[in-house]
Amino acid sequence: MFRLLLIIYFAVVSGIAQAQDENVVYYLFPDWSPDNQKIAFESGLEGELQIFTIDIDGKNLTQLTDTEYNDERPVWSPDGKKIAFFSNRSEKRNEQPVSLQIYVMNADGTEQRRVTHEGPALEYNVSWSPDGNQLVFQSRPEIDPGVHSLYIISTDGMERRRITDGQFNDTSPQWSPDGNLILFVQSVTPYKFFRNWTPEDRNLNRDSAEIMIFNLEEETIMPITENEIQDYDPSWNGDGSEIYYLQNDGQKKTLFREKLGEADAGAVADGDNVSDGGFVARTRLSPDGRFLVYNKEINGFQGIYIFDLELKKERLLVGGPAE
């Protein structure tokens, strides 16, 4: 199998009510529109993290949200008409505990509405069902440490159900294109608040992280990776036949591509063109399968970049040293 390494240096970015360095403009968590023509992302261009879109040629930068709170991790609906995201906008500033809730808006930023109403809770990392009628996300009560479970909610907020039981930490859900499977990360997490974790706790959480698939019809979980290496940030290709995920072996970070039903995963491309000495996170494959989009930091400058898998070339889309 094709084994060229894509070495990607991953900056650890929590994305949860992030505190910004006033000297850094953040460009984070890009997502492709279904028609392959736009990228949605979050940025601190105007202070707090807000949602923006931009054409893939770098034109028509548009701000969609404008609040005094953080609006984060936009995800396009399958028909391209809406964008889901999470926000702490329902809370008073600096009030504890913080509550993150899920919102949906039109793709032009109009008709923003809240979908989840649990609180105080951290509800985030959203993925749409293929029919656009439901969202899967991770959640944990803010007053409880550590462990997330996966939930599904209708986009009108009326129907909600839990699909994992909290025995492990279940995060980063991604709905399959056929609607039958949910890709996610499962790890062992100490039952403590993160601030109280020991180095041993962090190592346990990192090294136990594996890629899993939840079968919605059978209500079963199947492991995709089984190792003592951190596997994370999973996503699907356009037809659901392949899975992409990052792997951290303690020395390097590698983006892998795995075909469902095959035993071994293959690394995607020569990463020297991608990393370029910078820190890369949140890789997403374009709907046509040709490009990767990701956020990257180089020498303190944040930006959104697009990598052409055929030409093995990277280009800056927005942000970066040029800004």
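Only a predicted model underlies this, so the values are computations on that prediction, with no experimental measurement involved. (Residues numbered from 1 in each chain as written. Predicted model: local features only at pLDDT ≥ 70, side-chain atom pairs only at ≥ 80, totals over all residues. Heavy atoms only, no water.)

## What about the packing of aromatic side chains?
Under the criterion given, the structure shown has 8 aromatic pairs. Measuring from ring centre to ring centre gives 5.8 Å for Phe 41 and Phe 52, while their planes differ by 15 degrees; the resulting arrangement is stacked. Placement of the pair is Phe 41 in strand E2 (residues 38–43) and Phe 52 in strand E3 (residues 50–55), with a sequence separation of 11 residues. Its relative accessible area of 3% is what places Phe 52 among the buried residues. Ring-pair connections join several aromatic residues into one group, and the members of that group are Tyr 27, Phe 41 and Phe 52. The ring of Tyr 151 is capped by Arg 160, whose NZ or CZ atom sits 4.5 Å from the centre of that ring. (Phe/Tyr/Trp six-rings, centres within 6.5 Å; stacked < 30°, edge-to-face > 60°. Helix = DSSP H or I, 4+ residues; strand = E, 2+ residues; numbered from the N terminus. Buried < 20%, exposed > 50% of the residue type's maximum accessible area, 1.4 Å probe, protein only. Lys NZ or Arg CZ within 6 Å of the ring centre and 35° of its normal.)

## Side note on the pairing of E2
Buried residues dominate E2, accounting for 5 of its 6 residues. Direction of pairing for strand E1 (residues 27–32) relative to E2: antiparallel, over a ladder of 4 bridges. Bridging from a neighbouring strand, Tyr 27 pairs with Ser 43 of E2. Adjacent in sequence and paired antiparallel, E1 and E2 are bridged by 5 residues, among which Asn 36 carries a positive phi angle near 75 degrees. In this structure, E2 lies alongside E3, joined through 6 bridges in antiparallel fashion. Opposite Lys 38, over in E3, you have Asp 55 as the bridge partner. What sits between E2 and E3 in their antiparallel hairpin is a turn of 6 residues, with Gly 47 showing a positive phi close to 115 degrees. (Pairing = 2+ DSSP bridges.)

## Description of the side chain of Asp 170
When you line up the elements, Asp 170 lands in strand E13 (residues 169–175). There is no salt bridge for the buried Asp 170, and the closest opposite charge comes from Arg 162, which lies 7.6 Å off by N-O distance. (Lys, Arg positive; Asp, Glu negative; His and termini not counted. Salt bridge = Lys/Arg side-chain N within 4 Å of Asp/Glu carboxyl O.)

## Structural notes on the nonpolar core
Note that soluble globular proteins tend to have their nonpolar side chains buried in a common cluster. Membership of the largest hydrophobic core comes to 23 residues, with the highest contact counts inside it found for Leu 183, Ile 211, Ile 213, Trp 236, Ile 243, Leu 292 and Tyr 294. For this core, the secondary structure elements donating two or more residues are strand E14 (181–187), strand E15 (210–215), strand E17 (230–236), strand E18 (242–248), strand E19 (253–259), strand E21 (279–285), strand E22 (291–298) and strand E23 (301–308). Ranked by residues supplied to this core, first place goes to E18 with 4 residues. Phe 52, Phe 291, Leu 317 and Val 318 belong to the second-largest nonpolar core, a separate cluster that totals 13 residues. (Core = buried A, V, L, I, M, F, W, Y, C linked by side-chain atoms within 4.5 Å.)

## A short note on the sheet that holds strand E11 (residues 149–154)
On the basis of which strands lie adjacent, the open sheet formed by 4 strands has the order E9-E10-E11-E12 and antiparallel pairing. Edge positions in the open sheet fall to strand E9 (121–128) and strand E12 (160–162), since each of these has one partner strand only. Mean inter-strand twist for the sheet, computed between neighbouring axes without regard to direction, equals 30 degrees. Where strand E10 (residues 134–141) meets E11, 6 bridges bridge the pair, whose relative direction is antiparallel. Among the inter-strand pairings, Leu 135 is bridged to a residue of E11, identified as Ile 153. (Axes fitted to C-alpha atoms, helices over the stretch in contact; angles between N-to-C directions.)

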